[in-house]
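Report on the structure
Residue strings, one per chain:
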Amino acid sequence: MRHPIRLPVLAAVLALAVAGCTNASAEGDSAGPGPSGPASDGPAAAAEVDAAAAALLPADVKAKGVLAVASDASYRPFEYFDTDNKTMIGFDIDLTDALGAKLGLKADHVNAGFDGILPGLAARKFDVGASAFSITPERSKTVDFVPYLNGGSGIAVRTGNPLGLRMDPAVLCGRTISAQKGSLQGLEQLPAISKKCTGAGKAPVKIDLFPSQDGANLAVVSGRVDAVMADSVSLALQAKASNGQFELAPGTDYEPTPTGIALLKDSPLKPALDAAMKTVLNDGTMESLMKKWDIPAGLLLKSGS
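Residues numbered from 1 in each chain as written. Predicted model: local features only at pLDDT ≥ 70, side-chain atom pairs only at ≥ 80, totals over all residues. Heavy atoms only, no water.

A few words now on the overall build of the protein. If you tally the helices and strands in the protein, you get twelve helices and twelve strands. For the protein, buried positions account for 55% of its 305 residues. (Helix = DSSP H or I, 4+ residues; strand = E, 2+ residues; numbered from the N terminus. Buried < 20%, exposed > 50% of the residue type's maximum accessible area, 1.4 Å probe, protein only.)

What follows is the structure, encoded as structure tokens:
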């Protein structure tokens with residue numbers, strides 16, 4: 001999915017700050033080694049099988065014993081590459097490992113371009129997509145979701161915020177904002193903000209889309225764009241890992257939206273995943289993973305929500 005902009009020094013720095021729901025896949029570049037994150041050997045490794053949830057598995061999945069999970073490994077802290085540039089780590093990786101363990105399955109993690117994951121589900125290349133997907137009405141027309149978090153969008157800017165930007169649609173008019181291809185921000189939120197700008201007689205937002213979140217972040221650091229828009233939690237942690245290259249701008253989260261694991265529409269796997277997720281939400285696994293990956297506790301969905 002990526003064709004990275006190879007500015008040697010900046011790329012080396014931003015390789016430390018993997019971003020958003022994503023991949024260093026067949027479309028091109030690799031994010032490079034990221035900072036070594038917590039080893040993915042937490043609650044999933046010790047999880048006990050939830051017999052009731054496992055009983056809901058389709059026979060073919062149970063026989064296979066594997067859950068094929070697609071993620072785009074450029075979205076720290078949800079999914080990114082460890083320092084070996086091969087091993088996928090992150091919150092979504094640990095979460096799907098834990099869900100698989102509850103169902104008596106092994107999660108097989110596949111790195112895929114973010115904008116190719118949902119089409120890949122339709123083509124039955126993967127069982128699930130776990131890449132911090134915002135649950136939107138448009139996406140819900142073609143896939144089902146198992147929700148697990150609730151968060152909004154933010155913008156990140158060059159350190160020091162020289163333009164004085166904040167997460168407020170009114171101040172983004174006339175600015176150039178980057179986002180990842182296939183993201184909620186690139187597909188819906190930025191176009192809607194731009195439309196509001198023109199409707200008020202102001203200059204539109206210039207939207208610059210990139211195959212990976214890394215590329216969208218790098219565009220801010222290089223001065224190609226004024227800001228980048230993505231999930232606020234992910235942006236904050238990406239900025240923290242960028243060695244001072246960019247920072248999260250002030251402002252409240254824009255349009256908080258549930259986040260979920262995606263499945264093929266009417267997938268027979270959904271009842272089992274719903275049940276496993278309920279267990280993970282109730283037995284402390286989710287809170288443990290959120291603490292491990294610095295996900296704010298306030299984003300936790302309550303069981304059954």
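Of all the five residues making up strand β10 (residues 227–231), five are buried; the element is thus mostly covered by neighbouring parts of the structure. Pairing geometry for strand β8 (residues 176–180) and β10, over two bridges, is parallel. When the sheet's bridge partners are listed, isoleucine 177 is paired in β10 with alanine 227. (Pairing = 2+ DSSP bridges.)

Below, the discussion takes up the sheet that holds strand β2 (residues 74–75). Taken together, three strands build an open sheet; the order of strands is β2-β3-β4 and the sheet is antiparallel. On the outer flanks of this sheet lie β2 and β4 (88–89), each paired with one strand and no other. Strand direction decides the pairing type here: strand β3 (residues 79–81) and β4, joined by two bridges, are antiparallel. Of the residues in β4, the one forming a bridge with tyrosine 80 is isoleucine 89.

One pass over the full model with this rule turns up one disulfide. The side chain of cysteine 173 participates in a disulfide bridge whose partner is cysteine 197; the two sulfur atoms lie 2.0 Å from each other. One disulfide, between cysteine 173 and cysteine 197, carries an S-S torsion of -85° and so falls in the left-handed class. In this pair, cysteine 173 is assigned in the loop between α7 (169–172) and β8 and cysteine 197 in helix α8 (residues 184–199), connecting sequence segments 24 residues apart. You'll find cysteine 173 and cysteine 197 in the same group, each marked buried. (Disulfide = S-S within 2.5 Å.)

What follows concerns the packing of aromatic side chains. As enumerated under the stated definition, the model contains five aromatic pairs in all. Relative to phenylalanine 91, the ring of phenylalanine 78 lies with its centre 6.0 Å away and its plane at 90°, an arrangement referred to as edge-to-face. With phenylalanine 78 in the loop between β2 and β3 and phenylalanine 91 in helix α5 (residues 91–102), the pair connects residues that are 13 residues apart, well separated along the chain. Here the two residues phenylalanine 78 and phenylalanine 91 agree in accessibility, since each one is buried. (Phe/Tyr/Trp six-rings, centres within 6.5 Å; stacked < 30°, edge-to-face > 60°.)

Following both chains from N to C, one finds helix α11 (residues 270–282) and helix α12 (residues 285–292) inclined at 70°, their axes separated by 4 Å at the closest point. Between α11 and α12, the angle is such that the two are roughly perpendicular. Judged by residue contacts, Met277, Val280 and Leu281 of α11 engage Thr285, Met286 and Glu287 from α12. Here the residues of the contact of α11 with α12 sort into four nonpolar, one polar and one charged. (Axes fitted to C-alpha atoms, helices over the stretch in contact; angles between N-to-C directions. Parallel < 35°, antiparallel > 145°, perpendicular 65-115°, else oblique. Contact = heavy atoms within 4.5 Å. Nonpolar A, V, L, I, M, F, W, Y, C, P; charged D, E, K, R; others polar.)

On average, the protein scores 85 in pLDDT, and the residues at 70 or more come to 83%. Of the regions scoring below 50 in pLDDT, residues 1–46 engages in 175 contacts with residues more than four places distant in sequence or in other chains. (pLDDT = per-residue confidence, 0-100.)

Its location among the elements puts glutamine 189 in helix α8. Contact partners of glutamine 189, with chain neighbours within four places excluded, come to Ser153, Leu184, Met229, Tyr254 and Glu255.

Along an α-helix, a turn takes 3.6 residues, which lines up residues three or four apart on a common side. Extensive coverage of helix α9 (residues 213–221) is indicated by the burial of nine of its nine residues. By the burial criterion, the buried members of α9 are Gln213, Asp214, Gly215, Ala216, Asn217, Leu218, Ala219, Val220 and Val221. Two residues or fewer after α9 comes glycine 223, characterised by a positive phi angle close to 85°.

With that out of the way, let us pick up the nonpolar core. Nonpolar side chains in soluble globular proteins generally cluster together in the buried interior. By size, the foremost hydrophobic cluster in this structure holds 51 residues, and its most contacted members are Phe91, Leu95, Ile261, Met277, Met286 and Ile295. Considering each element in turn, this core owes the most residues, six residues, to α11. Look past the residues within four positions of leucine 95 in its chain and what remains in contact with it is Tyr148, Ile261, Met277, Val280, Met286 and Leu289. Listed in part, the 16 residues of the second largest apolar core include Val157, Leu190, Cys197 and Met229. (Core = buried A, V, L, I, M, F, W, Y, C linked by side-chain atoms within 4.5 Å.)

On to the side chain of serine 242. Residue position: serine 242 is located in the loop between α10 (232–240) and β11 (246–248). In terms of polar contacts, serine 242 uses its side chain to reach the backbone amide nitrogen of phenylalanine 246, at 3.4 Å. (Polar contact = N/O pair within 3.5 Å; in protein donor to acceptor, adjacent residues only side chain to side chain.)

For the rest of this paragraph, the subject is the packing of α5 against α12. At a closest axis distance of 10 Å, the pairing of α5 and α12 adopts a crossing angle of 160°. For the element pair α5 / α12, the angle class is roughly antiparallel. The element α5 and its partner α12 pack so that their crossing is right-handed. Side by side, α5 and α12 meet where Phe91, Asp94, Leu95 and Ala98 of the first sit next to Thr285, Met286, Leu289, Met290 and Lys292 of the second. (Left-handed = near helix turned anticlockwise from the far one by under 90°.)

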